[in-house]
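For reference, the chains in residue letters:
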Amino acid sequence: MSDLEKQLSMPASQAARRLLGCELERIIGNETIKVRIVEVEAYDETDAASHSYKGRTPRTDVMFGPAGRLYVYFTYGMHYCCNVTVGKDGEGAAVLIRAVEPIKGEAIMEQNRQGKSGVELTNGPAKVCQALMIDKQLNGHNLANAPLTLVLNPASEEDVVVTTRIGISKAKDAPLRFYLKDSNYISRK
DNA sequence: TGCCTGATGTTCT
DNA sequence: GAACATCAGGCAC
């Protein structure tokens, strides 16, 4: 088991907090993009809003695998969203990455986002995938390895705000969305 | 500023 | 055949 997997083998709500403030490094050709995770949502198989709620299917297979993998899904006919799998091997849990802050490679992200800049670059789950060029090819990717790696660097507890989740129709009231209070890149305050 | 809607593919029933 | 963890553009106020 990799160190990353160990660090994320915990309940989704805990893992979600631990992912806030962490860095993602994306290698595209000779370029490197680096971002900081500032907004996430937790999902597990006891949760009616989770893809894993109805059990393991070919689509959700990755969610039920070991922690520290990327779960990419396609939604609303035109967008990708990316999750980091968490929990023990066999548990269908994942953390949706809703927003990130650019650290490095902003120019490349602007290209990927068709000239959009500033907070518009990455303040939404589908935007994050566009900016980082994440698509279904990276589904199941191990985040311990290039070309997309997760660097654990958790933010301190007092910077974390907890709210209900966004854009879902079931289990709306569960307080499973977490964001960093100081960030401007939050999709909605 | 804020609501409404179109675009559009994959998965599951 | 319907639902869907979305975004951006248009129009009304």
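This text goes with the structure placed above it.
Residues numbered from 1 in each chain as written. Chains lettered and ligands numbered in written order. Predicted model: local features only at pLDDT ≥ 70, side-chain atom pairs only at ≥ 80, totals over all residues. Heavy atoms only, no water.

### Thoughts on the protein's contact with DNA strand B
Here's step 1: The local shell around DNA strand B consists of Lys 54, Thr 57, Arg 59, Phe 74, Tyr 76, Gly 77 and Met 78.
Here's step 2: Backbone sugar and phosphate groups make up 52% of those atoms of DNA strand B lying within 4 Å of the protein.
Here's step 3: Thr 57 has a polar side-chain atom sitting 2.3 Å from a phosphate oxygen of DNA strand B.
Here's step 4: Between a base oxygen of DNA strand B and a main-chain N or O atom of Tyr 76, the distance comes to 2.8 Å.
Here's step 5: Partitioned by chemical class, the residues of the surface near DNA strand B number 3 nonpolar, 2 polar and 2 charged. (Near = heavy atom within 4 Å. Polar contact = N/O pair within 3.5 Å; in protein donor to acceptor, adjacent residues only side chain to side chain. Nonpolar A, V, L, I, M, F, W, Y, C, P; charged D, E, K, R; others polar.)

### Re the nonpolar core
Here's step 1: With 46 residues, the main nonpolar core has Ile 134 and Leu 150 as its most contacted residues.
Here's step 2: In terms of residue count, the dominant contributor to this core is strand 2 (residues 31-43) (6 residues).
Here's step 3: The next biggest cluster of nonpolar side chains, apart from the first, holds 10 residues, and it includes Val 62, Met 63, Tyr 71 and Leu 96. (Core = buried A, V, L, I, M, F, W, Y, C linked by side-chain atoms within 4.5 Å. Buried < 20%, exposed > 50% of the residue type's maximum accessible area, 1.4 Å probe, protein only. Helix = DSSP H or I, 4+ residues; strand = E, 2+ residues; numbered from the N terminus.)

### Remarks on the pattern of salt bridges
Here's step 1: For the coordinates displayed, the defined rule picks out 10 salt bridges.
Here's step 2: With its nearest N and O atoms 3.9 Å apart, the salt bridge here joins Arg 69 to Glu 5. A residue pair is termed long-range when its members are at least 10 positions apart, and Arg 69 in the loop between strand 2 and strand 3 (70-75) and Glu 5 in helix 1 (residues 3-8) qualify at 64 residues.
Here's step 3: The class for Arg 69 is partly exposed, based on a relative accessible area of 21%.
Here's step 4: By relative accessible area, which is 11% here, Glu 5 ends up buried.
Here's step 5: Linking Arg 98 and Glu 41 is a salt bridge whose minimum nitrogen-to-oxygen distance equals 3.4 Å. Here the residue Arg 98 occupies a position in strand 5 (residues 94-104), and Glu 41 occupies one in strand 2, the gap between them amounting to 57 residues.
Here's step 6: Counted as one network, the salt bridges with shared partners bring together Glu 39, Glu 41, Arg 98 and Arg 177. (Salt bridge = Lys/Arg side-chain N within 4 Å of Asp/Glu carboxyl O.)

### Points about the protein's contact with DNA strand C
Here's step 1: DNA strand C sits among 21 residues. The nearest are Tyr 73, His 79, Asn 83, Gly 167 and Ile 168.
Here's step 2: Sugar and phosphate atoms constitute 58% of the interface atoms of DNA strand C, taking the interface as everything within 4 Å of the protein.
Here's step 3: One of the backbone N or O atoms of Pro 125 is found 3.1 Å from a phosphate oxygen in DNA strand C.
Here's step 4: One of the side-chain nitrogen or oxygen atoms of Lys 127 is found 3.2 Å away from a phosphate oxygen of DNA strand C.
Here's step 5: Elements that contribute at least two residues to the surface near DNA strand C include exactly strand 4 (79-85), strand 5 and helix 4 (125-131).

### Some words on the layout of surface pockets
Here's step 1: Estimates place the volume of the largest pocket at around 730 Å³.
Here's step 2: What lines the largest pocket is a set of 31 residues, and nearest its centre among them are His 51, Tyr 73, Thr 75, Gly 167 and Ile 168.
Here's step 3: Of all the elements in the fold, those that place two or more residues in the lining of the largest pocket are strand 2, strand 3, strand 4, strand 5 and helix 4.
Here's step 4: For the lining of the largest pocket, the per-class residue count stands at 15 nonpolar, 10 polar and 6 charged. (1 Å grid on protein atoms, 1.4 Å probe; cavity = no way out; pocket = protein on both sides within 12 Å on 5 of 7 lines; lining within 4 Å. Points joined across faces, edges and corners; volume = space filled by probe spheres on them.)

### Concerning the packing of aromatic side chains
Here's step 1: Applying the stated rule across the entire model yields 2 aromatic pairs.
Here's step 2: Residues Tyr 71 and Tyr 73 carry aromatic rings whose centres are separated by 5.8 Å and whose planes lie at 35° to one another, so their mutual orientation is tilted.
Here's step 3: Relative accessible area serves as the criterion here: at 1%, Tyr 71 is assigned to the buried category.
Here's step 4: With a centroid separation of 4.6 Å and an interplanar angle of 75°, the aromatic rings of Phe 74 and Tyr 80 are classed as edge-to-face.
Here's step 5: Its relative accessible area of 37% is what places Phe 74 among the partly exposed residues. (Phe/Tyr/Trp six-rings, centres within 6.5 Å; stacked < 30°, edge-to-face > 60°.)

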